[in-house]
Amino acid sequence: MPLPRTTLSCPHRGSPVFPPCRVPVSRGRTRGGAEPLSSALSMAAAGLGPGEAAAAAHALSLPAEAFGNDPRVELAWAMKAHQHAEIYFNVDDRIYSEFRATFRDLRVDVLDPEELKSEPAKEKWRPFCLRFQGLVEDFNYGTLLRLDCRGGYTEDNSIFATRIQFFAIEIARNREGWNSAVYSRAREPAAQEAASG
């Protein structure tokens, strides 16, 4: 009998660096009481032998109070965190590559609302957005998007867009260096405080 499947949502919901996606996982144990095969296989692929994988899987199923600073548990959690991060980096790569393949010449530093809202633009955006249905959680939900990446979220500098449009544009802004000014401005107070402190 196959194990029931469920979907985990991304804990980084709303982050342009780690877009939400859906990760199918198995729940429960097999008839013999062992961890699901997918968990054991993923740990084996991470370089653990069968015994180590079973021990790590068992350790991950216990409550946090059962542990001190056990390095084996920390290693198992680090491996899971690494797997999780790889999933989101792969999703980022896919969003960015498909965005730039579809919208090769779209300026992302300062957006023209017509490039998002006009009828010809909607005809181009719709198939792009639908490619991420089932991959990006709530891909078509509305969110605010900055028109000029050098500014904040103000009434004049914000537009309503879908979540996948937000992710695609913000990932492009990050990768192409357009958000560097925002990053630098955010770090200035901390640098000044450190210098005076």
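Reading guide: rules and limits
Residues numbered from 1 in each chain as written. Predicted model: local features only at pLDDT ≥ 70, side-chain atom pairs only at ≥ 80, totals over all residues. Heavy atoms only, no water. Salt bridge = Lys/Arg side-chain N within 4 Å of Asp/Glu carboxyl O. Helix = DSSP H or I, 4+ residues; strand = E, 2+ residues; numbered from the N terminus. Buried < 20%, exposed > 50% of the residue type's maximum accessible area, 1.4 Å probe, protein only. Axes fitted to C-alpha atoms, helices over the stretch in contact; angles between N-to-C directions. Parallel < 35°, antiparallel > 145°, perpendicular 65-115°, else oblique. Contact = heavy atoms within 4.5 Å. Nonpolar A, V, L, I, M, F, W, Y, C, P; charged D, E, K, R; others polar. pLDDT = per-residue confidence, 0-100. Expected span 1.5 Å × (residues − 1). Bend = angle between axes of the 7 residues up to and from the residue.

A word on the pattern of salt bridges. By the definition in use, this model includes ten salt bridges. One salt bridge connects R131 with E98, and the closest N-O pair in it is separated by 3.3 Å. With R131 in the loop between helix 5 (119-130) and strand 3 (142-146) and E98 in helix 3 (residues 71-102), this pair connects stretches of sequence that are 33 residues apart. We classify E98 as buried; its relative accessible area is 18%. One salt bridge connects R163 with D138, and the closest N-O pair in it is separated by 3.6 Å. On the criterion of sequence distance, the pair formed by R163 in helix 6 (residues 163-175) and D138 in the loop between helix 5 and strand 3 is long-range, its members being 25 residues apart.

Moving on, we come to the packing of helix 2 (residues 50-61) against helix 3. Packing of helix 2 against helix 3 leaves a shortest axis separation of 10 Å and a crossing angle of 90°. What the angle tells us is that helix 2 and helix 3 run roughly perpendicular. Taking contact as the criterion, the partners of A56, A59 and L60 in helix 2 are, on helix 3, V73, A76, W77 and K80. Of the residues assigned to the contact of helix 2 with helix 3, the class counts are six nonpolar, no polar and one charged.

The next subject is the confidence of the model for the protein. Detailed reading of the predicted model is not advised wherever pLDDT is low. For the protein, mean pLDDT is 78; residues scoring 70 or higher make up 75% of the total. Contacts from residues 1-41, a stretch scored under 50 in pLDDT, to residues over four places away or in other chains number 87 contacts.

Time to look at the environment of I164. Position of I164 relative to the elements: it lies in helix 6. Along the chain, I164 and N140 lie 24 residues apart, while their C-alpha atoms are 6.6 Å from each other. Excluding its chain neighbours within four sequence positions, the residues that come into contact with I164 are I95, F128, C129, F132, V136 and F139.

Compared with the 24 Å implied by 1.5 Å per residue over 17 residues, the 24 Å span of helix 7 (residues 180-196) between its first and last C-alpha is a close match. At E188, helix 7 is bent by approximately 30°, the largest bend along its length, and proline P189 sits one to four residues beyond.

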